[in-house]
Amino acid sequence: MRRRPGIGGLQTAAAARDQYRLLGENVAKIRTDLMKEQLATFRSQLEDFARKHKNDIRKNPAFRSQFHEMCAKVGVDPLASNKGFWAELLGIGDFYYEIGVQIVEICLATRAQNGGLINLQELCSLLRRKRKGSREAVSEDDCLRAISKLKVLGSGFEVISVGKKKLVRSVPTELNKDHNEIIELAQAQGFVTVNELERQLSWTSGRAIDALETLLEEGFAMIDDGHRDGRRRYWFPCVSSISSLGGNDA
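Since the model is a prediction, treat every value here as computed from it, not as a measurement.

Enquirer: Just to check I follow, could you spell out the overall build of the protein chain for this structure?
Expert: Counting secondary structure elements, the protein chain contains 10 helices and 6 strands. For the protein chain, with 250 residues in total, the buried portion stands at 36%. Restricting the contact set of the protein chain to residue pairs at least 6 apart, pairs at least 24 apart contribute 53%. Total accessible area on the protein chain stands at roughly 15300 Å², and carbon and sulfur atoms take up 51% of it.

Structure follows, in structure tokens:
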């Protein structure tokens, strides 16, 4: 008959479990302290690096992007505040604040044309034109970082991906799956027709017209009539040049 462990055995086992638990807690604490020490060292080295290369960080977009990646790896966000070490040393917060204000101005100025949906590349191009003569060059990465900070305004600023393009939305309107498919299809020519939606997406004419009417109402699309084939074109300024409207009479 198998004997059950006595009180002494149970106490010994409990004491062993306590020792293992304490040992595990000590090992975890040592690892945590070591990680904190390593992070502190990395941050100190990052500050030294920033002091040494601050001019390159300010003026060179590619260098600035790599610097942001280095910061992210050690949990530092130079854009978190306009105050403190990073703002005083690099002025990065002010730089992105200025870009953010200019992006808002551009989005407002072009909203009548595109309904508040603009191609990211076009936005960056307009921003560079607006900042012509400025000492700091602006990259697409800079635009994305500035836009990410505009979300706190709660005014719908967001970068969305539709097909192969990134679009900046500056209005709170949500696009559904049908709208995204239409805009993606429009990227080939800048426009779509109801017949194309029926043929390429296997939609009914009612579904196509309903989705297009919503995009028209929101200002994302523009009507182009008067073609020889009698088919109405729905142009999308966010994926095509405004100057090309009416330029294709096929």
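From this point, the discussion proceeds with the structure in view.
Enquirer: Explain the sheet that holds strand β6 (residues 233-235) to me, please; I cannot follow it from the model alone.
Expert: Two modes of strand pairing occur in sheets, parallel and antiparallel, and in both the strands are linked by backbone hydrogen bonds. Pairing in this open sheet of 3 strands is antiparallel, and the strands run β4-β6-β5 from one edge to the other. For this open sheet the edge positions go to β4 (191-192) and β5 (222-224), each flanked by a neighbour on one side alone. Here 3 bridges tie β5 to β6, and the two strands are oriented antiparallel to one another. Paired with I223 across the bridge in β6 is Y234.

Enquirer: Quick question: what am I supposed to make of the pattern of salt bridges here?
Expert: Evaluation of the coordinates by the stated rule reveals 9 salt bridges. Between R232 and D225 there is a salt bridge, with the nearest N and O atoms lying 2.9 Å from each other. In this structure R232 comes out as partly exposed when scored by relative accessible area, which is 34%. The exposure class of D225 is partly exposed, given its relative accessible area of 44%. One connected set of salt bridges, linked through shared partners, spans E158, R169 and E174.

Enquirer: Explain the pairing of strand β3 (residues 165-169) here, please?
Expert: Pairing analysis gives 3 bridges linking strand β1 (residues 117-119) to β3, with the strands arranged antiparallel. Looking at the pairing, I118 lines up with V168 of β3. Bridge count for strand β2 (residues 158-162) against β3 is 5 bridges, and the pairing is antiparallel. Looking at the pairing, I160 lines up with L167 of β3. Between β2 and β3, which pair antiparallel and follow one another directly, the connecting turn spans 2 residues, one of which, G163, has a positive phi of 65°.

Enquirer: Is there a simple way to explain unusual backbone geometry in this structure?
Expert: Glycine aside, residues mostly have negative phi, and peptide bonds are mostly found in the trans state. Phi is positive for S202, close to 60°, though the residue is something other than glycine. With respect to the element layout, S202 can be found in the loop between α9 (194-201) and α10 (205-217). On the basis of relative accessible area, S202 is assigned to the exposed category, the value being 65%.

Enquirer: Honestly, the packing of aromatic side chains in this entry has me stumped. Any pointers?
Expert: The geometry of two aromatic rings is summed up by the distance between their centres and the angle between their planes. Here the structure, examined in full by the defined rule, presents 1 aromatic pair. Residues F191 and W235 carry aromatic rings whose centres are separated by 5.0 Å and whose planes lie at 45° to one another, so their mutual orientation is tilted. Of this pair, F191 sits in strand β4 while W235 sits in strand β6; the two residues are 44 residues apart in sequence, bridging distant segments of the chain. The burial state of F191 is the same as that of W235; both residues are buried.

Enquirer: How should α10 be read in this particular structure?
Expert: Note on helix geometry: an α-helix contains 3.6 residues per turn, so any two residues three or four positions apart are oriented the same way. Along its 13 residues, α10 runs 18 Å from first to last C-alpha, staying within 8% of the 18 Å computed at 1.5 Å per residue. Of the surrounding secondary structure, the elements contacted by the buried residues of α10 are α8 (177-186), β4, α9, β5 and β6. Just beyond α10, the residue with positive phi is G219, at close to 85°.

Enquirer: Any chance you could explain the side chain of Q187 here in plain terms?
Expert: With respect to the secondary-structure elements, Q187 resides in the loop between α8 and β4. Separated by 2.5 Å, the side chain of Q187 and the backbone oxygen of V162 make a polar contact. Those residues in contact with Q187 that sit more than four places away from it in its chain are V162, G163, K164, K165 and V239.

Enquirer: So what exactly am I meant to see when it comes to the state of the cysteines here?
Expert: One way to say it: the disulfide is the covalent bond shared by the sulfur atoms of two cysteines. Enumeration according to the criterion identifies 0 disulfides in this entry. Considering cysteine sulfurs only, C143 is the nearest to C107, which forms no disulfide, with 9.9 Å between them. No disulfide involves C124; its sulfur sits 3.1 Å from the nearest other cysteine sulfur, which is in C143.

Enquirer: How do you make sense of the packing of α9 against α10 when you look at a structure like this?
Expert: What describes two packed helices is the angle between their axes and the distance between those same axes. Contact pair α9 / α10: the axes reach a minimum separation of 9 Å and the direction vectors enclose 125°. Between α9 and α10, the crossing angle belongs to the class labelled oblique. The element α9 and its partner α10 pack so that their crossing is right-handed. On α10, the residues that touch V194, L197 and E198 of α9 are S205, A208, I209 and L212. A breakdown of the residues in the contact of α9 with α10 according to their chemical character gives 5 nonpolar, 1 polar and 1 charged.

Calculation criteria
Here the residue index of a chain counts from 1 through its sequence in written order. Confidence filtering applies because this is a predicted model: local features only for residues at pLDDT of at least 70, side-chain atom pairs given and counted only at 80 or more, and all residues used for totals across whole chains, interfaces and linings. Excluding hydrogens and water, the side-chain values take into account all heavy atoms of the structure. Runs of E in the DSSP output that reach at least two residues are strands. Runs of H or I that reach at least four are helices, and both are numbered from the N terminus. Exposure classes here rest on a 1.4 Å probe applied to the protein chains alone. A residue is buried below 20% of its type maximum, exposed above 50%, and partly exposed in between. Should any heavy atoms of two residues lie within 4.5 Å, those residues are considered in contact. Note on areas: Shrake-Rupley, 1.4 Å probe, and residue coverage restricted to the protein chains presented here. Strands are treated as partners if at least two bridges between them are detected by DSSP. We define a salt bridge as a contact between a side-chain nitrogen of Lys or Arg and a carboxyl oxygen of Asp or Glu at a distance within 4 Å. Aromatic rings from Phe, Tyr and Trp, with only the six-membered ring used for Trp, were paired whenever their centres fell within 6.5 Å, and each pair was classed as stacked if the ring planes differed by under 30 degrees, edge-to-face if by over 60, and tilted otherwise. A helix's residues, less one, multiplied by 1.5 Å, set its expected span. What qualifies as a polar contact is a pair of N or O atoms within 3.5 Å, subject to a donor-acceptor requirement within protein and to the restriction that residues adjacent in sequence count only when both atoms come from side chains. Two cysteine sulfur atoms make up a disulfide if the distance between them is within 2.5 Å. Helix axes use the C-alpha atoms of the stretch in contact, all axes being lines fitted to C-alpha atoms, and the angles between their N-to-C directions lie in the range 0 to 180 degrees. Should an angle fall under 35 degrees it is called roughly parallel, over 145 degrees roughly antiparallel, and 65 to 115 degrees roughly perpendicular, with every other angle called oblique. For a crossing to be left-handed, the near helix must be turned anticlockwise from the far one by less than a right angle; the clockwise case is right-handed. In this count, Pro and Cys sit with the nonpolar residues alongside Ala, Val, Leu, Ile, Met, Phe, Trp and Tyr, while Asp, Glu, Lys and Arg are called charged and the others, Gly among them, polar.

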